[in-house]
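# Structure at a glance
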Amino acid sequence: MTISAQPVSYRQSAKLQHVRYDVRGPNLVEAQRMEAEGHKVLRLNIGNTAPFGFEAPEAIVQDMVTSLPDAQGYSDSRGIHSARKAVQQYYQSHGILDLDIDHIFIGNGVSELITLVLQALVDDGDEILIPAPDYPLWTGAVSLSGGRAVHYACDEGSGWNPDPEDIRSRITPRTKALVVINPNNPTGAVYSEETLRALVQIAAEHRLILLTDEIYEKIVFDGAQHRHLAALAGDDVLTLTFSGLSKAYRVCGYRSGWLAITGPVQRAENLIEGITLLSNMRMCANVPGQYAIQAALGGYQSIDALVAEGGRLREQRDFAYRQLNEIPGVSCNQAAGALYLFPRLDPEMYPITDDAAWALGLLREKKVLVSHGTGFNWPHADHFRLVTLPSVDVLDDAIGRIAEYLEDLRARR
């Protein structure tokens, strides 16, 4: 055997050059290092329900446990029939009547399905319209698929609703689809029906596919109404709806999500064939988790009590909102949905040029881990995302430390 004398460097694929996922990025690595040294870090960076004491409804757990003997082999790559039937009936009850069970795919969470669909859809150089700020998986998955993420503006002054005219200005002959995240992560916005109808109109005019991420659809507050984009799009616009159990049913680890394809599906047979091919290649989604879907979508919806007045999710959201807005130079829109707040730091008071470094300083000095705003493809270093899942006592402690950190920054100027 001849061994080369030259050292070899093994590098990641160039396809990852523009792929970022800072929610679990370098600052999390630093937090893990600190915890390994014995420090207690308050993690407000990820919407993982279980560590904060939110448990799955017992009926869902029991249904999955009972079905374990039947879950040892592969399922149909699209998912078990009972799960897909439950998804079909759920959307039918919300006015989406043209959903064929063959156009429902079960996945290992919404994240897998987003990546799978973009791989099936995007050719090199295709453009996908994505909100700014966004859930960064969307931008990363577009880049990994060879496409270009084009970010359209959401207006903080208008409750973080998308700006339809800004969207129109960014459409080119290479634009293929429009991503809508509603309720929105990270802003907590729940889009008005007027806004949603404007998005449908844009998609119809420019023959765009609507990709609608609705994983937080049941987590809405103060009478906010979530509308399924597919119901508004009807037969006019091909709409791919992504949702699942992770958040509303507190089973993030079950990895139970789905994709529902509606609209003029007769013109999308080739695309659906591609999605089916990729579904076949990954064999199937986690089968035990699929058995949770029917139990979850039928019967009592326990999330309703958590988001109602006096419910834990609502109380924590309200507390965090009040405390953040009391900090000098911090302003925050109230979240109408989801599990996050996206506060703004006044650039005059806090002239931050690198918000990742700002968040790292907060972690090292105050042992609080949050996600910086540019990690959500927001173009300015003046926001951060805070998870509202911790108890009021933990939120009080964490936001108090954030206030101290910001006071220290003001004193250093």
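Before reading further, recall that the structure is shown in the block above.
Read on for an overview of the structure. As the structure is a computational prediction, the values presented were derived from the model and not from experiment. (Residues numbered from 1 in each chain as written. Predicted model: local features only at pLDDT ≥ 70, side-chain atom pairs only at ≥ 80, totals over all residues. Heavy atoms only, no water.)

On to the packing of helix α13 (residues 355-366) against helix α14 (residues 392-412). Here α13 crosses α14 at 110°, and the two axes come no closer than 10 Å. By the criterion of interaxial angle, the relationship of α13 to α14 is roughly perpendicular. Viewed along their axes, α13 and α14 form a crossing whose handedness is right-handed. Contacts between α13 and α14 pair W358, G361, L362, E365 and K366 from the former with R401, I402, E404, Y405, L406, D408, L409 and R412 from the latter. Grouping the amino acids of the contact of α13 with α14 by side-chain chemistry returns six nonpolar, one polar and six charged. (Axes fitted to C-alpha atoms, helices over the stretch in contact; angles between N-to-C directions. Helix = DSSP H or I, 4+ residues; strand = E, 2+ residues; numbered from the N terminus. Parallel < 35°, antiparallel > 145°, perpendicular 65-115°, else oblique. Left-handed = near helix turned anticlockwise from the far one by under 90°. Contact = heavy atoms within 4.5 Å. Nonpolar A, V, L, I, M, F, W, Y, C, P; charged D, E, K, R; others polar.)

Ranked by size, the top nonpolar core spans 77 residues in total, and within it W138, L211, L240 and F242 carry the most contacts. Y152, I167, A203 and L229 belong to the second largest nonpolar core, which has 27 residues in total. (Core = buried A, V, L, I, M, F, W, Y, C linked by side-chain atoms within 4.5 Å. Buried < 20%, exposed > 50% of the residue type's maximum accessible area, 1.4 Å probe, protein only.)

A few words on the pattern of salt bridges. Where charged atoms of side chains with opposite charge meet at close range, the side chains can pair. Overall, the coordinates contain 27 salt bridges when judged by the stated rule. The salt bridge involving D76 is made with R84; its shortest N-O contact spans 4.0 Å. Where R174 meets D126, a salt bridge forms, and the shortest distance between an N and an O atom there is 3.0 Å. Of the two residues, R174 is situated in the loop between α6 (164-169) and β6 (175-181) and D126 in the loop between α4 (109-121) and β3 (127-132); the sequence distance between them amounts to 48 residues. Because the salt bridges share partners, they merge into one network encompassing E30, R33, E37 and R364. (Salt bridge = Lys/Arg side-chain N within 4 Å of Asp/Glu carboxyl O.)

Looking now at the sheet that holds β3. The mixed open sheet is built from eight strands, whose spatial order is β2-β9-β8-β7-β6-β3-β4-β5. In the strand order of this sheet, the two ends are held by β2 (104-108) and β5 (161-162), each with one partner. Pairing analysis gives five bridges linking β6 to strand β7 (residues 209-213), with the strands arranged parallel. Among the inter-strand pairings, V180 is bridged to a residue of β7, identified as T212. Sheet contacts for helix α3 (residues 81-92): β2, β8 (239-244) and β9 (256-262); angle to β2, the most-contacted strand, approximately 115°. (Pairing = 2+ DSSP bridges.)

Right, let's talk about the pairing of strand β4 (residues 148-155) for a bit. Examined bridge by bridge, β3 and β4 share six bridges and lie parallel to one another. Bridge pairing links E127 to R148 in β4. Read from β3 through helix α5 (residues 136-144) to β4, the crossover connection turns out right-handed. In this sheet, β5 lies alongside β4 in antiparallel orientation, the contact comprising two bridges. Each residue of the ladder has a partner; that of D155, found in β5, is N161. The antiparallel pairing of β4 with β5 creates a hairpin that spans five residues between the two strands, and G159 there sits at a positive phi of about 70°. (Right-handed = clockwise from strand over helix to strand, strands pointing away.)

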